[in-house]
Each structure stands twice: as structure tokens, then as C-alpha cells.
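# Residue-level structure breakdown
Here are the chains, one letter per residue:
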There are 2 protein chains.
Amino acid sequence: MPEKVTIADVARHAGVSRQTVSNVLNTPEVVREETRRRVLDAVEELGYRVNQAARQMRTGRSRLIATRIEPDRDGINGSVLDRFLHGLTESAARAGYRVLLYTADDDTAEIATFADLLGAYEPDAFVLTGTHHGDIRTSWLLDRGMPFVTFGRPWGVPDGTPHAWVDVDGAAGTAAATRHLLDAGHRRIGFLGWPAGSGVGDDRREGWARTLRAAGVDPAGLDRATSDGVDDGEAAARELLESDDPATALVCVSDSLALGALHTVRSPGAAAPAEHRAGPPVAVIGFDDTPVAKAVGITSLSQPLAEAAASCVTLLTRLLDGDSRPSGSSGDPHPHVLLQPSLVVRRSG
Amino acid sequence: MPEKVTIADVARHAGVSRQTVSNVLNTPEVVREETRRRVLDAVEELGYRVNQAARQMRTGRSRLIATRIEPDRDGINGSVLDRFLHGLTESAARAGYRVLLYTADDDTAEIATFADLLGAYEPDAFVLTGTHHGDIRTSWLLDRGMPFVTFGRPWGVPDGTPHAWVDVDGAAGTAAATRHLLDAGHRRIGFLGWPAGSGVGDDRREGWARTLRAAGVDPAGLDRATSDGVDDGEAAARELLESDDPATALVCVSDSLALGALHTVRSPGAAAPAEHRAGPPVAVIGFDDTPVAKAVGITSLSQPLAEAAASCVTLLTRLLDGDSRPSGSSGDPHPHVLLQPSLVVRRSG
DNA sequence: TTGAAAGCGCTAACAC
DNA sequence: GTGTTAGCGCTTTCAA
């Protein structure tokens, strides 16, 4: 165990009082230049580091940000949150915070963990992922005045933004994908999505539909809703490709569905009826640019996850430091950031 | 912010002194049954939780386990550590610990982070991943007597185990894969591996070679070493499949290489010379059972990651609690756990 | 078995 | 600009 160096050691070494050391660390501008230098040298020399626990007891701030690590549901899309988590850890560290992990199987369990954590480790803030309609987690935190940011919009909340959030513009993503396909000459562009009701899924569907309409194509009958499995995508794609007026390209709400679609497209004989087969291959575009998309060569929409994480930390620090400012002086109390995904073009489209 | 409930509140509510509450929490056996009940009720009623910071100041234990989150190098194999991390968070929570995250670009940076963390948050232990020959991180921690466990063996350390570790038996995995292929009638089973020198890679190669030899097949000329890219795997597989006496099956050190190999195998015309084409398709087995393997249908070796994480926590708690025991009474000071991977059979082999 | 006192390392207030 | 004092919430002596 490294010898414990306290503020008293530094004070003694620098020939000042303990308080002066504390001042140098927390309010340097109040200390004379020369004294500060001396103290800083002592800090360096002794390898001193403020003890969080002691500081926390005094200030009530733990410099800890808590977030949930997901159980990696389907394996394919799971990697998105892992990348976000990595970015969060990095950005947080840069801002002087550390990330504390927890797991929870559902919202109720997550709220129980909030209470647990707040009683014990007292994280300064939470970062929530996977927001959805009627999210009880946000209201719980809001009720208690706990600072937090969500990665994901507050879906289905009528007016105003009840809290700070960061999100990626899914509709803009699928719109870009659809436009890309239109530019390539496709007209009948289908959509493989999730059942209506999920904020993220509906948003992504909307981007596709809107773009198709703008190009004078009626999206009716061109989309299928299904759960997020590779097999589901395969089946849904088959429906769209075997209809009387088959789609020639597919925009998918996820890489899982895109992979399934690709199976259909590439499987000999399963695709469009014979008279339509002559044309170019059916294009497929996924969402999230997961390792699977990379490996299999699926064109996909990439989310700027490191940037999203950095934005979360920025909003959070603003929230935490803004706390002390007179209310109303720190601008928008519930700022948000909407980032744009980018299309990564590969063989599939 | 939830109202802060302290031990004093509980004491008042239960009509006892503060110490009695502390005793109930820390050494329940020393308190009279009835008093304990009363205190526990008060705890429940008030929603009291011990404050970590205060406890830590007193005891010096933070109940924090620090570990690194990886930058998800190639995307395919990255998911392994994410799954481990999830398991670690879960197991740690069960044991009353939380996981603190950090990032580091290399061993030196990681050691700097150790020092940082130890000075500030004082984690009780570290969990290290990705051990390798001449790992300077372990010696640093060893020198300072910091408790830690590695997920990965201490490679290249001559005798004894210098520290607690958990690992998955890679050689046993590739041996099982090879045996599986032998049972299917294959004889010329190739190996796609990493360049010699990596502990993990060499171990996995050894399992393959050993099993082949036991079956009377000379492994010479049947293996290729390459870096861990899909394209690398594709090229290396081509070499092995286009030789005069081509391999009919391939065991791969990773799913990335297996995916590349599969590209070669499935690409029409690129595989074996014409006279050999008649036989069954070339089998391919990967390692790590990543989402990509699942999605593409690659037979692969699955690591019991949740179990590995749980083992890490078990060893750690033993280490941390054993501290107080008289030395020598707690059995093996550097225990280790070697887990077996399991073969997940899919279309590719 | 329970209570009183001390102090972990730090910082906010105030005095010098 | 610098030093003194007090106390955050807890546990660890020690005494009752």
C-alpha cells in the first residue's frame, strides 16, 4: 500500500499551514504566487493526492458519476452502449470524475439501486441510457432533485425538456440512408422496423417515410415491423421482396434486422420473383454500425458515441457547477444536444 | 436530494446510542436480539444507509473495485471484455462492492492511473485484464501490496503463482475444437493463430497441436500466424486451403480470423484446387463466441465470462477479508481458477 | 451489553 | 495572505 500522504505532510514540507495547502488546491487565486509554487512543489515531491472520502465528507460531493452497464441483450446492438460507456469513462476522467457501475434488470430495480447508491456512495450524478415512453426513472430523480443526464431523449413528454439529455438524430440518419438509396436510383425503398411505440424505432421510421414522401414515393405498404432478431429480419425482408411490387432496397432500424435482410437478399432463389431478378442486387442499410455490420459488409449508420458521451459529461458538469450559481444565470436549465449519425457505406448498399 | 439519514437518527429513533447502531451493523452478534431488532426496524423505517465516505475514513476500506474498460479494439473481440465487465459488476454488487471504471492506453498509463486512484478513491482492489509476458502492472501492484486479481494467467512467470488469477483454459478449448473435427472425420486440420509470443495465442495453438499429434497427425505446415484482422484471416486461410495437401478444417484463435477464413471457404472458386472440391465443405471454428460468430453461424468456443467474473470477486473477497486473519491460516495465498470454455456448434463446423 | 470520547483527512468559516 | 477552529458520519478504543 502506498504510504498515505496527507495535507498536513504537505503543509509541513512546504512550511505553511494545512489550510493554505487546501487553498492552493481549491482556490489557488487566493494564495500568493510564491507560496503556491512552494506548496505545489511539495505536493509533487510527496506525491500527494486529495483523499476523496475526506473531501466528500466535507463538501458532500463524491466526484462519482453512476451509470448502468447493460446485460448485452442480443449481442449485436449491445456493443453500442459499451462504446458509449468507454467514452463516458474517458470524458468523465478528463473532467475529474470517475464512473461507478451498476446493473439493473428493469426500471424498478434501477430505482432501487439509485436509492442504494445515493445512501452509500453518493454519486454526484447519474447518466441514464435507454430512455423510453413513461420512463419512471427520470421522474424519480427529478422528484429528488438529483442531477442527471440521459443518453436518449425524453420520449413522449409533451412540452419542454424536463431534463438535460443527449441523443443521436435517428430520423436524420434513416433520412440520409433513404436519400443515399434514392440517389443510387432506387424508388421502392422498404423499411424494416420495430413495432410502433418505441421512441427510437418510430423516430427512425419517420425519417425514412418523410424522405420517401418528399421524393414522391408513397411509403404505404413498404414497411414491416418486427422484433429485433436476425431471423425476424430475414422473414420480414422476404415479405417485402416477394410482394407483387417488391422493394429494391431496405433501410433497417438495426444491424440485427439488416443482417437478417441480407441473408434473404443473398440467399439464392429466396428473393424477388424471377422476372425482377435481372436488376442490381437489393441494397440493405442497417443502423448502429456494429462490429457485425463491419464484418459482414453492411452499410450502416454510425452513431458518434464518444461525442455523445463527451456531451453528457459537459452537460453534467454544467449542471453540477451551475448548482452554486444564482438560479437563472446559467442559461437553459435543461439543455440538450442532438448529434448526427453518419452513413458508412459498404458492399451491401 | 434524498434527506440524509445518519446513524444518529437511527439511534434516536430506536432509543439507543449511536454505537449500538454501529454494532448492529458491523458486529451484530454482540448486540442483544431485541435491541438489534429494534435498530434494524429503525434502519428500515428511516431508509438508512451507511455513508461510505465516513466509513471509509474510519476503516480505510472503500468497497470499490477498480477495473479498466477497453477501447474495443477491433470491435469483434471487444465484446468479450464487456461481458466480463457486466458479470464483474453484478458479482461485485452481490459481495457488497461497486466497480469503478478507468481507461488507459497502455501499461504505463494504467500504472499512473493506479497511483491516481489509490491516492484519491482508494479502491480496495483492482481487477486486471489482458495479462501478458513481462506485465509491469502486476509487479507494480505486488510491490505495493495492493490486493488484485487478474483475468488472465501470469504468463511467462517461471514458478509458482505470484498473484491470484482467473483464466479460461484456451488450450483445452482448441483441443476440444480439434477433437470435434477429428470426430467428424477431418484429419488435415489447420490452425490460424497469432504470431508466437502472446501467451493466449500460444496456449490456444498448443491445444490444437497437442490434439493433432495425439491423433497421429503431424501439425507441421498446418498452421499460419497472422495479426487479428478479418482480411488477415481470409488470406491465411487461402494459403492453407490452396496448398498441395490442403486443410479440410480450420481452428482459429479468434472469431475475427474465423470470419476471414469463412470468407475464403465460402467464396466460390477461391478454396481448394478443383480435384479436392468434391468433399464436404471446409469446417471453420472460431474462438470467443462473439456476436459476429452467432450472427454469421460460426462454430466457436464460448468463454464462461460471468463465471470468470464471479471467480474474480470470490478470490478478491477472500484476499480482502483474509487480510485480517493470522497469516498462513487462509490457505493458498495466491489461489487461481482455470475455467473451461465450451464449444458452440453452428453451421460452419 | 451499552455509552462516551476520539479522530480518520478534509474544507468552510472566521480570526489574525 | 495565512493560521485556527470546528465538524462532516462513522468506527474503534475504553469505561460503565
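The notes below deal with the structure included here. These numbers were taken from a predicted model, which means no experiment stands behind them.

Moving on to the sheet that holds strand β3 (residues 125-129) of chain A. Taken together, 12 strands build an open sheet; the order of strands is β11(A)-β5(A)-β4(A)-β3(A)-β1(A)-β2(A)-β2(B)-β1(B)-β3(B)-β4(B)-β5(B)-β11(B) and the sheet is mixed. The sheet is open, and its two borders are formed by β11 (336-339) of chain A together with β11 (336-339) of chain B, each paired with just one other strand. Within this sheet the neighbouring strands show an average axis-to-axis angle of 20°, counted without direction. Both strand β4 (residues 148-151) of chain A and strand β5 (residues 164-168) of chain A contribute to a ladder of three bridges, which runs parallel. In the strand pairing of β5(A), Phe151(A) is matched with Val166(A). Strands in contact with helix α7 (residues 136-143) of chain B are β1 (64-68), β3 (125-129) and β4 (148-151) of chain B; relative to β3(B), the strand with the most contacts, it is inclined by about 165°.

Turning next to the protein's contact with DNA strand C. In the neighbourhood of DNA strand C, 25 residues make up the surrounding shell, with Ile7(A), Tyr48(A), Arg58(A), Thr35(B) and Arg58(B) lying closest. Atoms of DNA strand C within 4 Å of the protein: sugar and phosphate make up 53%, bases the balance. A distance of 3.4 Å separates a phosphate oxygen of DNA strand C from a polar backbone atom of Arg32(B). Of all the secondary structure elements, the ones that give two or more residues to the surface near DNA strand C are α2 (18-26) and α4 (52-59) of chain A together with α2 (18-26) and α4 (52-59) of chain B.

With respect to spatial proximity, 27 residues lie near DNA strand D, and among them Thr35(A), Arg58(A), Ile7(B), Tyr48(B) and Arg58(B) are the closest. Of all DNA strand D atoms lying within 4 Å of any protein atom, the proportion belonging to sugar or phosphate reaches 57%. Between DNA strand D and Asn26(B) there is a distance of 3.2 Å, counted from a phosphate oxygen to a side-chain nitrogen or oxygen. Within the side chain of Arg58(B), an N or O atom sits 2.7 Å from a base oxygen of DNA strand D. Only α2 and α4 of chain A together with α2 and α4 of chain B provide two or more residues apiece to the surface near DNA strand D. Top element by residues in the surface near DNA strand D is α4(B). It accounts for five residues. Broken down by class, the residue content of the surface near DNA strand D amounts to nine nonpolar, 10 polar and eight charged.

This next bit is on the relation of the copies chain B and chain A. Expressed as a screw transformation, the operator carrying chain B onto chain A has a rotation angle of 180° and an axial translation of 0.0 Å, and the superposed copies differ by an RMSD of 0.0 Å. Look at the turn and shift together and you get a two-fold axis relating the two. Most of the interface of chain B is mirrored in chain A: 100% of its interface residues are interface residues there too.

Our next topic: the pattern of salt bridges. Tallying each qualifying case throughout the model produces 45 salt bridges over all chains. Between Glu239(A) and Arg224(A) there is a salt bridge whose closest N-O contact spans 2.6 Å. Of this pair, Glu239(A) sits in helix α10 (residues 230-242) while Arg224(A) is found in strand β7 (residues 223-225), placing the two residues 15 residues apart along the sequence. The salt bridge partner of Arg205(B) is Asp202(B), with a shortest N-O separation of 3.6 Å. Highlighted residues: Arg205(B) and Asp202(B), both in helix α9 (residues 199-214), separated by three residues, approximately one helical turn. Since its relative accessible area comes to 15%, Arg205(B) is described here as buried. The exposure class assigned to Asp202(B) is partly exposed, which follows from its relative accessible area of 27%. Among the ionic contacts, a cluster of salt bridges with common partners joins Arg68(A), Glu70(A), Asp107(A), Glu110(A), Asp135(A) and Arg137(A).

The next subject is α4(A). If you check which residues of α4(A) are buried, you get Gln52(A), Ala53(A) and Gln56(A). The buried residues of α4(A) all sit within an arc of 95° when viewed along its axis, so they share a single face. Among the structural elements, α4 and α6 (107-120) of chain B are those in contact with the buried residues of α4(A). Between the side-chain oxygen at the start of α4(A) and the backbone nitrogen of Ala53(A) there is a gap of 2.9 Å, and the oxygen is on Asn51(A). Within two residues after α4(A), Gly60(A) carries a phi angle of roughly 80°, on the positive side.

A few words on the packing of aromatic side chains. Aromatic ring pairs are described here by two measures, namely the spacing of the ring centres and the angle between the planes. Scanning the model with the defined rule gives 12 aromatic pairs over all chains in all. With centroids separated by 4.6 Å and ring planes inclined at 55°, the aromatic side chains of Phe114(A) and Phe126(A) adopt a geometry described as tilted. Of this pair, Phe114(A) sits in helix α6 (residues 107-120) while Phe126(A) sits in strand β3, and the two are 12 residues apart along the sequence. Each member of the pair, Phe114(A) as well as Phe126(A), is classed as buried. Relative to Phe151(B), the ring of Phe84(B) has its centre 4.3 Å away and its plane inclined at 10°; by these criteria the two rings are stacked. Remark: Phe151(B) occurs in strand β4 and Phe84(B) occurs in helix α5 (residues 78-94); sequence separation between them is 67 residues. For Phe84(B), a relative accessible area of 2% corresponds to the buried category. Site record: aromatic cluster; members linked through ring pairs are Tyr102(A), Phe114(A), Phe126(A) and Trp140(A). We note Arg63(B) situated over the ring of Tyr97(B); from NZ or CZ to the ring centre the distance is 4.3 Å. Here Arg204(B) stacks its cationic end above the ring of Phe287(B), 3.6 Å away from the centre of that ring.

Looking now at unusual backbone geometry. Residues and elements named next belong to chain B. Positioned with a positive phi, Asp288 is a non-glycine residue whose angle comes to about 115°. Among the secondary structure elements, Asp288 is positioned in the loop between β9 (283-287) and α12 (291-296). Residue class for Asp288 comes out buried when judged on its relative accessible area of 8%. In this structure, Asp289 is a non-glycine residue whose phi angle is positive, near 50°. The residue Asp289 is located in the loop between β9 and α12 in this model. On the accessibility criterion, Asp289 (7% relative accessible area) is buried.

Conventions and cut-offs
Residues numbered from 1 in each chain as written. Chains lettered and ligands numbered in written order. Predicted model: local features only at pLDDT ≥ 70, side-chain atom pairs only at ≥ 80, totals over all residues. Heavy atoms only, no water. Pairing = 2+ DSSP bridges. Helix = DSSP H or I, 4+ residues; strand = E, 2+ residues; numbered from the N terminus. Axes fitted to C-alpha atoms, helices over the stretch in contact; angles between N-to-C directions. Contact = heavy atoms within 4.5 Å. Near = heavy atom within 4 Å. Polar contact = N/O pair within 3.5 Å; in protein donor to acceptor, adjacent residues only side chain to side chain. Nonpolar A, V, L, I, M, F, W, Y, C, P; charged D, E, K, R; others polar. Least-squares fit on C-alpha atoms with pLDDT ≥ 70 in both. Salt bridge = Lys/Arg side-chain N within 4 Å of Asp/Glu carboxyl O. Buried < 20%, exposed > 50% of the residue type's maximum accessible area, 1.4 Å probe, protein only. Arc of directions from axis to C-beta. Phe/Tyr/Trp six-rings, centres within 6.5 Å; stacked < 30°, edge-to-face > 60°. Lys NZ or Arg CZ within 6 Å of the ring centre and 35° of its normal.

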